[in-house]
Amino acid sequence: MAIDLLNHKFDRAFDHIDAGGEGVIGREDLLGLGARLLVGFGESPTSVTGSSLVDGFDGIWSALSGALGRDADSRISREEFRSGMTGAFIEGDHYDTVFRPATVAVADLCDDNGDGLIGPREFRTLLSAFGTAYDDVDEAFDRLDRAARGALTVDELIVAAWQYYVSDDPSAAGNWLFGPL
């Protein structure tokens, strides 16, 4: 069950990156996801926040392709993505040094007014960039807003990302990060 759950979440993550539906992804596809985020929040890729996001996504790609023994210019299939994510971020030691900083950069981007909170509007912008169905966003937000305060903290979003990409707990709230599985 745990491997099936992680593979299902990795497949969804692959689809977030493979916006064109080609069945393979490259570095430019992951950076394209970053670009969609930056455009959604009106942030320049050369700003401090934008640069952190671009560098973070580039780091994820390097760790992912490195776990597969590939160079950064290689294309990766869905099955290879699963293997690379497992090798780099679950079995490997790159989550805290690579993936978490990228997640922090995304969370910082979402906190566009710097109050430490991500409201429904910012969350909708985030999930829109990832291609989440419009109708699934409110339920995802409510599932992650366990304190029912109408906002997520930056830290809650970071924990939700860890639960989504690393945890094999089927009841983890972070499984709702991009809507129902």
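I will try to describe carefully the structure that is included in this document. (Residues numbered from 1 in each chain as written. Predicted model: local features only at pLDDT ≥ 70, side-chain atom pairs only at ≥ 80, totals over all residues. Heavy atoms only, no water.)

With respect to helix α8 (residues 154-165)
Step number 1: Compared with the 16 Å implied by 1.5 Å per residue over 12 residues, the 17 Å span of α8 between its first and last C-alpha is a close match.
Step number 2: Residues V154, L157, I158, A160, A161, Q163, Y164 and Y165 constitute the buried set of α8. (Helix = DSSP H or I, 4+ residues; strand = E, 2+ residues; numbered from the N terminus. Expected span 1.5 Å × (residues − 1). Buried < 20%, exposed > 50% of the residue type's maximum accessible area, 1.4 Å probe, protein only.)

Comments concerning the packing of helix α2 (residues 27-41) against helix α3 (residues 48-67)
Step number 1: The N-to-C vectors of α2 and α3 enclose an angle of 155°; their axes lie 9 Å apart at closest approach. Of the possible angle classes, the one that applies to α2 and α3 is roughly antiparallel. Relative to α3, α2 is oriented so that their crossing is right-handed. Between α2, through R27, L30, L31, L33, G34, L37 and L38, and α3, the contact on the second element is made entirely by G50, L53, V54, F57, D58, I60 and W61.
Step number 2: Tallied by class, residues from the contact of α2 with α3 come to 10 nonpolar, 2 polar and 2 charged. (Axes fitted to C-alpha atoms, helices over the stretch in contact; angles between N-to-C directions. Parallel < 35°, antiparallel > 145°, perpendicular 65-115°, else oblique. Left-handed = near helix turned anticlockwise from the far one by under 90°. Contact = heavy atoms within 4.5 Å. Nonpolar A, V, L, I, M, F, W, Y, C, P; charged D, E, K, R; others polar.)

Let's talk about helix α5 (residues 95-110)
Because each turn of an α-helix spans 3.6 residues, side chains separated by three or four positions end up pointing in the same direction.
Step number 1: Those residues of α5 not exposed but buried are Y95, V98, F99, A102, T103, A105, V106, A107, L109 and C110.
Step number 2: The inward-facing, buried residues of α5 abut α2, α3, α4 (78-90), β3 (117-118), α6 (120-130) and α8.

Things to note about the environment of E122
Step number 1: With respect to the helices and strands, the residue E122 is situated in helix α6.
Step number 2: Note on E122: relative accessible area 7%, which makes it buried.
Step number 3: Separated by 13 residues in sequence, E122 and L109 have C-alpha atoms that sit 9.1 Å apart.
Step number 4: Setting aside its immediate chain neighbours within four residues, E122 contacts F41, C110, D112 and L117.
Step number 5: Within polar-contact distance, the side chain of E122 engages the backbone nitrogen of G119 at 2.5 Å. (Polar contact = N/O pair within 3.5 Å; in protein donor to acceptor, adjacent residues only side chain to side chain.)

What about the pattern of salt bridges?
Step number 1: Summed over all chains, the structure comprises 14 salt bridges.
Step number 2: One salt bridge connects D11 with R78, and the closest N-O pair in it is separated by 3.9 Å. With D11 in helix α1 (residues 2-17) and R78 in helix α4, this residue pair connects regions lying 67 residues apart in the sequence.
Step number 3: Salt-bridge contacts for R82 lead to E79; the nearest nitrogen and oxygen are separated by 3.4 Å. With a gap of 3 residues between them, R82 and E79 both fall in helix α4, about one helical turn apart. (Salt bridge = Lys/Arg side-chain N within 4 Å of Asp/Glu carboxyl O.)

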